[in-house]
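Chain by chain, the residues:
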Amino acid sequence: MAVTPAIVLAKLQGLSIATEVLDHPAVTTVEEANKYTGDDPGLDVKNLFLQDKKNRLFLVTAAASTKIDLKALGVRLGLPKPGVRMAPPELLESVLGVPLGSVTPLAVVQPTAQSVVLLLDHKLKDQERILVHPLTNTSTVAIPSEGLEAFLKSVDREAHYVDLEAQPLTGPGQADLRHLLPAEASAETSGTSAWSSAGHASSTRSDTGASSSSSTALNPAANAPVGGKAAKGAKAAKGANAKGCKKGATAEPTASLPSTSLQDVAMELVQQVVKGVSVDASTLAPETIKQLSDAVFLRLNSLQNTAYSNGYKGAKHEVAEYCMKTFGS
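Fair warning: this is a prediction, and the values are worked out from it, not measured in the lab.

Undergrad: Would you mind going over the nonpolar core with me for this structure?
TA: The tendency in soluble globular proteins is for nonpolar side chains to be buried as a group. Residues Val8, Phe49, Val95, Leu96, Val116, Ile143 and Phe151 are the most contacted members of the largest nonpolar core, which totals 33 residues. Listing elements by their share of this core, those giving two or more residues are α1 (5-14), β2 (43-52), β3 (57-63), α4 (90-96), β5 (117-121), β6 (130-132), β7 (139-143) and α5 (145-154). When residues of this core are assigned to their parent elements, the largest contribution, four residues, is made by α4. Setting aside chain neighbours within four positions, we find Val8 in contact with Val3, Leu106, Val109, Leu135 and Phe151.

Undergrad: Sorry if this is basic, but what is going on with α5 here?
TA: Because an α-helix completes one turn every 3.6 residues, residues spaced three or four positions apart along the sequence face the same direction. Within the sequence span of α5, burial applies to Ser145, Gly147, Leu148, Phe151 and Leu152. The arc that holds the buried residues of α5, viewed along the axis, is 160°, so those residues lie on one side. Exposed side of α5, more than 90 degrees from the buried face: Glu146 and Lys153 are the residues found there. For α5, the secondary structure elements touched by its buried residues are α1, β5, β6, β7 and β8 (160-162). Asp156 sits one or two positions beyond α5 and adopts a positive phi of about 60°.

Undergrad: Would you mind showing me how to read the environment of Val8 here?
TA: Along the chain, the position of Val8 falls in helix α1. Separated by 127 residues in sequence, Val8 and Leu135 have C-alpha atoms that sit 7.9 Å apart.

Undergrad: Which parts of the structure should I look at to understand the pairing of β7?
TA: Most of β7 sits out of view: five of its five residues are buried. Covered by surrounding structure in β7 are Ser139, Val141 and Ile143 together with Thr140 and Ala142, the residues of both alternating faces. Of the strand pairs in this sheet, strand β1 (residues 20-23) and β7 are connected by four bridges, and their pairing is antiparallel. Of the residues in β7, the one forming a bridge with Val21 is Val141. As paired strands, β6 and β7 are joined by three bridges and run antiparallel to one another. Residue pairing in the sheet places Leu131 in a bridge with Ala142 of β7. The loop that links β6 with its antiparallel partner β7 comprises six residues; one of these, Leu135, has a positive phi angle of about 75°.

Undergrad: Please clarify how the pattern of salt bridges should be interpreted in this entry.
TA: Between side chains of opposite charge, a pair can form as their charged atoms come close. Evaluated as defined, the whole model comprises five salt bridges. Here Arg56 ties to Asp52 by a salt bridge, and the two come within 2.7 Å at their closest N and O atoms. When its relative accessible area of 9% is taken as the criterion, Arg56 is described as buried. We classify Asp52 as buried; its relative accessible area is 2%. Taken together, the salt bridges that share partners define one network made up of Glu20, Asp40 and Arg129.

Cut-off values and rules
Residues numbered from 1 in each chain as written. Predicted model: local features only at pLDDT ≥ 70, side-chain atom pairs only at ≥ 80, totals over all residues. Heavy atoms only, no water. Core = buried A, V, L, I, M, F, W, Y, C linked by side-chain atoms within 4.5 Å. Buried < 20%, exposed > 50% of the residue type's maximum accessible area, 1.4 Å probe, protein only. Helix = DSSP H or I, 4+ residues; strand = E, 2+ residues; numbered from the N terminus. Contact = heavy atoms within 4.5 Å. Arc of directions from axis to C-beta. Pairing = 2+ DSSP bridges. Salt bridge = Lys/Arg side-chain N within 4 Å of Asp/Glu carboxyl O.

Shown next, in the form of structure tokens:
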């Protein structure tokens, strides 16, 4: 059974944690929330729900001003390239039990989030008021860092404070956060990975009649009569197909990231929008431009993950896998 916002608030109260609940219309960004909590002296935070290639999930809660380098974080966690990316949106509800815009460190209370690694910005430590959502974006809870730690302890979780702006060390000590890695997540816990290839998803399609008939068509030897010249012809056809598959698997071009980084694209988009609405960019604070750029970057990164995971590279993997199973190495 999923934990609800009411249960979270009751649990905070039951732990005698000093909190203040601020109700407001639904918000999805720190900027929107500031319209209703801007006068509150509490620390604004942002949350990133991340996933690595092995389906392991990470929830990063950081001060709104903290600059997070995902590439550096992946190195510090000891992950192989490409490290961590934004987790698929559907995992927000299936794992954290929250809709988009409601991500919060309190979500680790969910039974489905037991394997999620929670990383807290070291700037949150010893704070008197940290502003977080109680599993819903229609209210904000002001909670001290000690209260957050007590809440986490009550659900058998530990507050791991990390300097999220630190760069990896050189040498063997660069994976200084490796000890925080969980065991590989199961399909029941983590759902479908944004990194999964279409070949993996096709294992379900292969049970359908359409997929089975297409497999037969790829192997003309399966339809050839047995014996004499026909058998030799079938053998030759099988060899030709095997050769063709191997050749195709090596000659097929591999998808690659564009040379221009998404961060550069995001910044250019923001600058073009500012120019398009006839706003003098010099009147905007650099922090404002950076926040807008970061928001656009996160969205572009999520879209790119989806595109790559469902692209032709997955189909190529499916064909190569079929060839290996049918004709051998």
